[in-house]
Amino acid sequence: MSEFEPKIIAFVCNWCTYAGADLTGTSRIKYEPNVRIIKNTCTGRIDFMMILKAFARGADGVMVSGCHPNDCHYTSGNFHARRRWIVFKNLLEFLGFDTRRIYFSWVSAAEGAKWADVVNNFVNNIKKLGPFEDYKNLNPVRASLGVLNESARPQN
Amino acid sequence: MTERKIINKASLDELFNKLKSGGKRIIAPRDKKGKIIFEEISSLKDIASDYIQTTLSPKQTVFPRYEEILSYQFENRNIKIDKETKKPVPTVLFGVRPCDARSLSTLNAVFTWDYIDTSFTSKLENTTVISISCSKSDEYCFCTSVGGSPGDTAGSDILLTHLDNDNFLAEIITEKGKAILLSAPELFSDKDKSASGGKDAPAVEKEKYLAHVKPYFDVKELTNKLTKLFNSDIWEEQSLRCLGCGTCAFVCPACTCFDIQDETNGNYGERFMCWDSCAFALFTLHTSGHNPRETQAPRWRQRLIHKFLYQPERLSVYGCVGCGRCSRACPADMNLLEHLVEIMEAQ
Amino acid sequence: MSRIGVFICHCGENIAGTVDCAKVAEVVSHLSGVAHSVDYKYMCSDPGQNLIKEAIKEKNLSGVIVAACSPRMHEPTFRRACAEAGLNPFLCEMANIREHCSWVHEKSDGTTQKAIDLIRMLVSKVRKNKPLYPIKVPVQRTALVIGGGIGGIQASLDIANAGHKVILVERDPSIGGHMSQLSETFPTLDCSQCILTPRMVEVAQHPNITLYTYSEVESVSGFIGNFKVKIRKKARCVDEKLCNGCGVCIQKCTVKKIPSEFDEGLGLRPAIYVPFPQAVPNKPVIDKKNCTYFIRGKCAACEKLCPTKAIRFDQQDEIIEADVGGIVLATGFTILNTDFFPEYGYGKYKDIITGLQYERLASASGPTLGVIKRPSDGKIPETVVFIACAGSRDSAKGIEYCSKICCMYTAKHAMLYKHKFHEGKAYVFYMDIRAGGKMYEEFVRRAIEEDHVKYIRGRVSKIYEEDGKLIVKGADTLLNHQPIEIKADMVVLATASIANQGAEELAQKLHVSYDSYHFFAEAHPKLRPVETNTAGIFLAGACQAPKDIPDTVAQASGAGSKIAALFSATEMTREPVIAVVHRTAPPIFSTCVGCFLCQSACPFQAIEREEIKARDGKVLKVVAKVNDGLCQGCGTCVALCRSKSIDLQGFTHEQMYAQIMAS
Amino acid sequence: MNLQDLKTKAQKLLESNTVNVIIGYGQGSGGEVRPVFIRKPADIDKLVLNDKCVQNLAVYLTKHEIKKLGKPGIVAPLPVTRAIYQLMLEKQIADGEIVVLGIKNNGIITELTDNKSIRSFISDVPSELTSEEKARLSEIKSLSQQDKWRYWDEELSACIKCYACKSSCPLCYCSRCTIECNQPQWISVPSHLLGNMEWHIMRAMHLAGRCVNCGECARACPMGIPLNLLTQRLSEVIEKTFGTSESAEAFYPLSTFNVNDKEDFIR
């Protein structure tokens, strides 16, 4: 039995964190390969339903990252996002949802190294926590959760 | 062929153990924070003691609120479909009211009138219904107006009637019921062993122990009436306070409408059958944006006419057994009985 | 049924080195919706792009995914290629399997699998993509240049000479910036003023340039082609139209002993002053903090004596509004002060000065008229120690970068000293000599070989005063850390170049990103060094990172031509990545219920009210509507809308959902 | 309570044609009350007023069946009035298009005809959680993460997706709810745990900062799920973190922000 490789979805904004992750690449800084980046225009665009769906799909952890406060390419998208996250995180905590599975961060276009650290720390934490059975168990349709990670099967 | 026996609580408990060890599960009303819900129980003491009617009807044992009807798998460009229905667990449905037992025939009529829904029928076949007649009723009950009664045996395999704190009269009605009796004849007796002289089972005057539910209307007249009221404005008037939720349909023992949903997760998916309600605006919304039942009034009309006109016409069963759950549960106090009486009086 | 073509790029070894591209192509070819899947050495090459164009035609593709580098790099390239082949460019997207995969992971199945996953997720997204059409936006062909140093001057002149209007805003009373403070410039030793002044005058006289000195940018709103700027023109207390720059006021001012900013505190100026003789404009300003009239309410000598009656004590700050299409940021840099250095006495020793102060001493127009005299007693120093990397490349001081110009100007300083005072001894403490650049290395060698400047490799650990001398303690790391002690008369610190005070706030006003040192960030370190992340705003000079004059001028011209290109047409096309409100047939018209909670969330005030009327004019519904000129496509409203009635083109609910569920 | 006063006021409104319908409480079955829609002054005696009058009648104001009846007057205990004000802020009720018979807990009935008066009427009484509500919340908050999960797992597994919570909520007036979107189907329809969890999280999120804490969702739920705990918790969080901004401009805390909003988890 090989080590548990968590599945991690990252919702990032196009202007800071996506570019930051690009910089990690151009700087050839190595990090854990578990994360799958989904590009959004802005953290303001990130609907909490996206996060829930990522978990429903079988993610063991979800990262959400964008521009530092004041640096939003759209001036205030990240401020709105921050408010939503505060409310959302509190709701999840109240529901007993293991919020260690969601990692919110600000990673700027200049913080390539930070992105690598953030990913590595998160991946290692999730490895310690193990698969997110609590949430996966909610979904009756889970026969193939993760299957797509073993070998790419077609989508409908 | 009905056979009459006496069984006391102790023996009943023993009967449960026998049935369980015989591989049957026992579903019975359970008190969950004041809501009476049908659930698997392990012994008599799990059963809710004092209630007039359960919150949810027992229909979910044969018609679950959601159920997988097939699963599919994408492999390369092909889709593999698996639609074999799972073998249902042999079940004893204990403690249902005669009205609920009666409702099973309505469900059966709908699920078998042309296409035979085997996932339903197989569950029904594997279910033995041990109902308990009503010693109490409330203002929402009107079984007697729709052909039932507190001691009605229709739909039950065994009907119990509470005689005194320890003894039940057991009417063995069907072959299924008989099978239960034969599985443990020693637990049933012809005489009860209570100190007070004791009675002969056949001699018991059952009616003495039943609640009295007065008849409010003649359901045949109602059916006639409805044929003339399609365009009446009574529907709008009655449905003004309706909020358009699905509560009435979901607590109803005789509502059978369902929706079909595919849920795909990666390359695997399941097709679900899940409860739906004619009170929802979406129930009839067309893709075009047109909705033949634009407002709550036609939805309300559909609900009643379907139960009291279309179903008797086409399936010769009524879509209502007078259990009164919808009225008890409605957040806006849409009282079905009251509305029906109103309709009877309508010109 | 979609027919998507997937094109996997090896990027030479950059991707193929860690990702099994052939396997990726094979696996991806089985995904439903994929009609074509190939890998190739360089997709961005002409043959690579032709592969795509041909496949679009032959296989009649309904979507294209190029799995290669970051879309920030080549998305435009490949979208153009698709357009040329007749496929709507917005049906083409890039899977980032280089920056986000091959470059950050080791060669392994996991890495290949990640590439496959990223592509698979994008396949299901692109299956939901819809053709989009660019939005036309008018361009206001006036440029705003912020900062009047050599960078701003060069950019302004280039844009103005290209025939476009320019508004040049300078914070100080005169343009010229740091370059006007310099004595002579390396490596040619020509006089800084002499080459700069003509340019300053040209700016002042150019018909296309409006110059606002002693002014600051108050606010910036809008977007590329359509910025609205507010400029605060600080009160000079002098009517510029009437003033003829005769200078009587300056001579007669009763306050004389104010340290001159221009002379870095080594010289003095009156309360009404022009920073330096060649100032542009040559009109004085009153320094209210030090003016007797403003302090005590009397004096007003200047007002009485002004021949043109140009003094205006009651003058107020003025707010000027302007519409501009593009902005050049040329706000320059500043340097650390000596008081930043505990080991060198926190600036308490007068004769430890910064390089910029030394420039003023060496400048013919400086406080000492070009004679190197030490500040404490005006004596000509016999021994001068120059210390390079004062602060720079010193993580202990939080400045890890190289200030780039110090090696060269330190050599120049030492050389100038020797030229002016042949007997003098000049020592330079350095870490490395970085003399990359045309004639730079030669210049440094000249200082060492011809002018006999003594170069010592090592940091100075301590400086303290002892009977009139500055004791400089250090070690020569080339002579196995042999301790060195020099009794110096003056010490010049090549202190680090740092970002301007307030650079951060300015960046936030303009919504451009900045790095951890508060220098403005370019859009791409290699390929878009002049652009910022915000369309229409460009960078020139040391506000981006320390630069010398030629680099600054080159970049300024770059920014200038970017603006000229932007202004080449009266309208530009914008990407249609904007929000749209759901509309459909009657009786629904729109699922928007008109709560307008989105309105206050929109950072661009792009959400308007729209009345849906029946034929008879009766209002049936009031719903939200997005102004596609103002909408920037952030999507904040989309995430907020409870009924999911707003969607973001290119990032729709369906697209995002599909991408997530394919993860 | 002041039934007679209510009847007189309501009757006047009808007789003077100031309103076309009075939305109020009438005698219902099982000793309960039910909503009544009185259009004729003669029917005014159908009105009742007692401590059972808690259903949030504001829910009817956005239903087009009710809108068809004309300009409404509505019997409105505090939570109802709050809901009405929120509906006005969200542009669902035009100023002056309604007469509110506001009832304070002391039973005094005030006739409110415009936005301003409604606002001052409710702002007199701060809307805050009662000590019992607070206690109930902290009780759950004090549970361990797993126990919380188990608690809600059990509660929500009872949900049959009848949407009584949504239908009875005065602020769930969207013509299309997210659960009704099927392209994509954000929330699964069957009432399995995933679908239920997603639905109730979404519901709470969409009510965050708007909920007037009338408790109707919990009251309407046939399965007795304490749904209002979720929205109450969020009201608590929002008040604590963002403060209560009664200013009409920033009435919806999630469509505005403060650059200094405090959090401790974004790194």
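Further up the page is the structure itself.
Here we summarise the structure given alongside this text. None of these values were measured; they are calculated from a predicted model.

Some words on the nonpolar core
Among soluble globular proteins, nonpolar side chains are generally buried collectively. Formed by 257 residues in total, the largest nonpolar core has its most connected members in F11 and Y135 of chain A, W235 of chain B together with I84 and I201 of chain D. Beyond its immediate stretch of four places on either side in the chain, W235 of chain B contacts L226, L229, F230, A297, W300, R301, L304, I305 and I343 of chain B.

Overview of the interface of chain C and chain D
Interface size is commonly expressed as the accessible area that is lost once the parts come together. Counting residues at the interface gives 18 residues for chain C and 19 residues for chain D. Buried surface at the junction of chain C and chain D, both sides included, amounts to about 1800 Å², of which 59% is carbon and sulfur. On the chain C side of the interface with chain D, the three residues burying the most area are L597, R642 and Y657 of chain C, jointly 35% of the side's total. One can count 0 salt bridges joining chain C with chain D.

Some remarks on the interface of chain A and chain C
Counting residues at the interface gives 55 residues for chain A, matched by 56 residues for chain C. The junction of chain A with chain C conceals about 4800 Å² of combined surface from both sides, 59% of it contributed by carbon and sulfur atoms. For the interface between chain A and chain C, the tally reads 2 salt bridges. With a shortest N-O distance of 2.9 Å, D117 of chain C and R36 of chain A are connected by a salt bridge. Looking at the side of chain A that touches chain C, the elements that each hand over two or more residues are β1 (8-13), α1 (17-26), β2 (35-40), α2 (48-56), α3 (77-95) and α6 (147-150) of chain A. For the side of chain A that touches chain C, the element with the most residues is α1 of chain A, which contributes 7 residues. Considering only residue class, the side of chain A that touches chain C consists of 23 nonpolar, 17 polar and 15 charged.

Remarks on the pairing of strand β3 (residues 61-66) of chain A
All names here are of chain A. Burial runs high along β3: 6 of the 6 residues are buried. Along β3, one buried face is formed by G61, M63 and S65 and the opposite face, lined by V62, V64 and G66, is buried too. Bridge analysis of β3 against strand β4 (residues 102-106) gives 5 bridges, and the strand direction is parallel. Bridge pairing in β4 places V62 opposite I102. The handedness of the β3 to β4 crossover, carried by α3, is right-handed.

Quick notes on the state of the cysteines
Throughout the structure, instances matching the rule amount to 2 disulfides over all chains. Paired through a disulfide, C16 of chain A and C67 of chain A show a sulfur-sulfur distance of 2.3 Å. Taking the sign of the torsion about the S-S bond as the criterion, the disulfide between C16 of chain A and C67 of chain A, at about 100 degrees, is right-handed. Here C67 of chain A lies in the loop between β3 and α3 and C16 of chain A lies in the loop between β1 and α1, a separation of 51 residues in the sequence. Just as C16 of chain A is buried, C67 of chain A falls in that class too. Here C191 of chain C connects covalently by a disulfide to C194 of chain C, the sulfurs 2.2 Å from one another. Residues C191 of chain C and C194 of chain C are joined through a disulfide that is right-handed, its torsion about the S-S bond being 90 degrees. On the basis of relative accessibility, which here comes to 52%, the residue C194 of chain C falls in the exposed class. The closest cysteine sulfur to the non-disulfide-bonded C245 of chain B is located on C162 of chain D, 5.4 Å from its own sulfur.

Criteria and thresholds
Residues numbered from 1 in each chain as written. Chains lettered and ligands numbered in written order. Predicted model: local features only at pLDDT ≥ 70, side-chain atom pairs only at ≥ 80, totals over all residues. Heavy atoms only, no water. Core = buried A, V, L, I, M, F, W, Y, C linked by side-chain atoms within 4.5 Å. Buried < 20%, exposed > 50% of the residue type's maximum accessible area, 1.4 Å probe, protein only. Contact = heavy atoms within 4.5 Å. Buried area = accessible area lost by both parts, 1.4 Å probe. Salt bridge = Lys/Arg side-chain N within 4 Å of Asp/Glu carboxyl O. Helix = DSSP H or I, 4+ residues; strand = E, 2+ residues; numbered from the N terminus. Nonpolar A, V, L, I, M, F, W, Y, C, P; charged D, E, K, R; others polar. Pairing = 2+ DSSP bridges. Right-handed = clockwise from strand over helix to strand, strands pointing away. Disulfide = S-S within 2.5 Å.

Everything listed here is a matter of geometry and, on its own, says nothing about what the molecule does.
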